[in-house]
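Each chain is listed here by its residues.
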Amino acid sequence: MKKYMALATALCLALSLAACGGSTSSSSAAASSAPASSAAASSEAASGTASSEAAAGELTTVVSGKLTMSTNAAFPPYEMTTDDGSFEGIDVEIAGAIADKLGLELQIDDMDFDAALLAVQQGKSDMVMAGVTVNDERLAVMDFSDSYATGIQVVIVPEDSDIASIDDLAGKKIGTQRGTTGYLYCSDTPENGGFGEDAVVAYDDGLTAVRALLNGQVDCVVIDNAPAQSFVESNPGLKILDTEFAVEDYAIGVNKGNTALLDAINAALAELTEDGTVQSIIDKYIPAE
Ligand code: ARG
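Residues numbered from 1 in each chain as written. Predicted model: local features only at pLDDT ≥ 70, side-chain atom pairs only at ≥ 80, totals over all residues. Heavy atoms only, no water.

1. Considerations on the overall build of the protein
Across its full length, the protein holds 12 helices and 14 strands. Sorting the 289 residues of the protein into buried and exposed places 49% on the buried side. Sequence-distant contacts, at least 24 apart, represent 77% of the contacts inside the protein between residues at least 6 apart. A total of about 12700 Å² of accessible surface is found on the protein, and carbon and sulfur atoms cover 52% of it. (Helix = DSSP H or I, 4+ residues; strand = E, 2+ residues; numbered from the N terminus. Buried < 20%, exposed > 50% of the residue type's maximum accessible area, 1.4 Å probe, protein only. Contact = heavy atoms within 4.5 Å. Areas by Shrake-Rupley, 256 points an atom, 1.4 Å probe, with all protein chains shown as cover.)

Here it is in structure tokens:
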């Protein structure tokens, strides 16, 4: 409750400090929850234009010649399926641009979100790209690239709901997506600012949680802001609360210790950030207000 705001404020502060401090090294940043260092990323890009291609030379991937990405394509506008069954979204396009730089063919494997995280840990995919938030639990079991986007956990409620702030969530049924940070925050103990496991229902994906909200099976849904916006737009009668739960960094997860791939991804990402590709992909799917 109050703690969430404190957490969000602390995170904002940590993020803005990280953004200001030019001395953040990637190893010390990995220990915090904010591995992104745009200063490091841009100096890398400036130091060698062909760096991602050079790094790609020695890469061994799960399927030779391919960059296999595990994801959960039910998270618009980061990843979703089109009517003809192909994939689109911010992650899909950034991944495609990274694969191009590395001279690999992008292969997308769609599955549940928790399975997508596991696939990379078990060496079944080269990377997980699914609007994945960097946190300490995940840093213990996989490595993360520099961050390429920011996510905010928000609360969706019916338009006529009596829930007006995070404090009002006590005693309510909260819908979440299984295995996500929204689930982790909400199911934590009240001492840690959560509402306890019994208060939280974990659904296969965000849309299923939103449908449960429309059916009155839960009182609210806690989910990332961009998919929240998309779900509220396509489902009349819902709104997003003004209060923010937590501000998070999205990054690409790889198998722990696969530094060759991680370095190649970071070099490609730095080049794509530097030349404006990443921003233009984000702007295409999230038009600035
Ligand atoms: N950012 C949240 C997390 O990392 C939710 C991500 C869900 N992504 C998805 N493609 N369903 O836990």
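2. A closer look at the pattern of salt bridges
Per the counting criterion, the structure on display carries 7 salt bridges. The partner of R178 in a salt bridge is D112, with the nearest N and O atoms 3.0 Å apart. Of this pair, R178 sits in the loop between β9 (174-177) and α8 (181-187) while D112 is found in the loop between β5 (105-110) and α6 (113-121), placing the two residues 66 residues apart along the sequence. Across the salt bridge formed by D204 and R178, the nearest N and O atoms sit 2.7 Å from each other. Here R178 lies in the loop between β9 and α8 and D204 lies in the loop between β10 (200-203) and α9 (206-214), a separation of 26 residues in the sequence. Through salt bridges with shared partners, one network takes in D112, D114, R178 and D204. (Salt bridge = Lys/Arg side-chain N within 4 Å of Asp/Glu carboxyl O.)

3. Side note on the sheet that holds strand β1 (residues 66-71)
Hydrogen bonds between backbone groups are what pair the strands of a sheet, and the pairing can be parallel or antiparallel. Across the sheet, 5 strands lie side by side as β5-β1-β6-β14-β7; this open sheet has mixed pairing. The sheet is open, and its two edges are formed by β5 and β7 (142-144), each paired on a single side. (Pairing = 2+ DSSP bridges.)

4. Some points on unusual backbone geometry
Between P76 and the following residue, P77, the backbone shows a cis peptide bond with an omega angle of 0°. Along the polypeptide, P77 turns up in the loop between β2 (74-75) and β3 (79-81).

5. Section: the side chain of T176
Mapped onto the fold, T176 is located in strand β9. For T176, a relative accessible area of 0% puts it in the buried group. Discounting residues that sit within four places of it in the chain, T176 has contacts with G182, Y183, V200, V201, A202, Y203, A209 and V222.

6. Notes on the site of the ligand
With respect to spatial proximity, 15 residues lie near the ligand, and among them N72, A130, R138, T181 and D224 are the closest. The separation between a nitrogen atom of the ligand and a polar side-chain atom of E79 is 3.1 Å. Relative to its unbound accessible area of 340 Å², the ligand is 100% covered by the protein chains. (Near = heavy atom within 4 Å. Polar contact = N/O pair within 3.5 Å; in protein donor to acceptor, adjacent residues only side chain to side chain.)

7. Focus: the packing of helix α5 (residues 90-102) against helix α11 (residues 259-274)
The angle between the axes and the distance between the axes are what describe a pair of packed helices. For the pair α5 and α11, interaxial distance at closest approach is 9 Å and the crossing angle is 110°. As far as their axial angle goes, α11 and α5 are roughly perpendicular. Crossing of α5 against α11: the hand is right-handed. Here I94, A97, I98, K101 and L102 of α5 lie close against α11, whose contacting residues are A264, I265, A268, L269, E271 and L272. Partitioning the contact of α5 with α11 into residue classes produces 9 nonpolar, no polar and 2 charged. (Axes fitted to C-alpha atoms, helices over the stretch in contact; angles between N-to-C directions. Parallel < 35°, antiparallel > 145°, perpendicular 65-115°, else oblique. Left-handed = near helix turned anticlockwise from the far one by under 90°. Nonpolar A, V, L, I, M, F, W, Y, C, P; charged D, E, K, R; others polar.)

8. Some remarks on the pairing of strand β13 (residues 246-250)
Side-chain positions along a regular strand alternate between the two faces of the sheet. When you tally the buried positions in β13, you get 5 out of 5 residues, the bulk of the element. The side-chain alternation of β13 yields two buried faces, one formed by A246, E248 and Y250 and the other by V247 and D249. Here strand β8 (residues 149-158) runs beside β13; their pairing, made up of 5 bridges, is antiparallel. Residue pairing in the sheet places G151 in a bridge with E248 of β13.

9. What to know about the nonpolar core
Of all hydrophobic cores here, the largest spans 35 residues; its most connected members are Y78, I94, I98, M127, M129, Y148 and I252. Looking at this core, the elements with two or more residues in it are β1, α5, α11 and α12 (277-285). Tallying contributions element by element places α5 first for this core, with 8 residues. In contact with Y148, other than residues within four places in its own chain, are Y78, D91, I94, M129, G131, Y250, A251, I252, L269, V278 and I282. (Core = buried A, V, L, I, M, F, W, Y, C linked by side-chain atoms within 4.5 Å.)

10. Considering α11
Given 3.6 residues to a turn, an α-helix orients residues that are three or four positions apart in the same direction. With 16 residues, α11 should cover 22 Å at 1.5 Å per step; its first-to-last C-alpha distance of 22 Å lies within 8% of that length. Of all the residues in α11, the buried ones are L261, L262, A264, I265, N266, A267, A268, L269, A270, E271 and L272. Of the residues trailing α11, G276 is marked for its positive phi of about 85°. (Expected span 1.5 Å × (residues − 1).)

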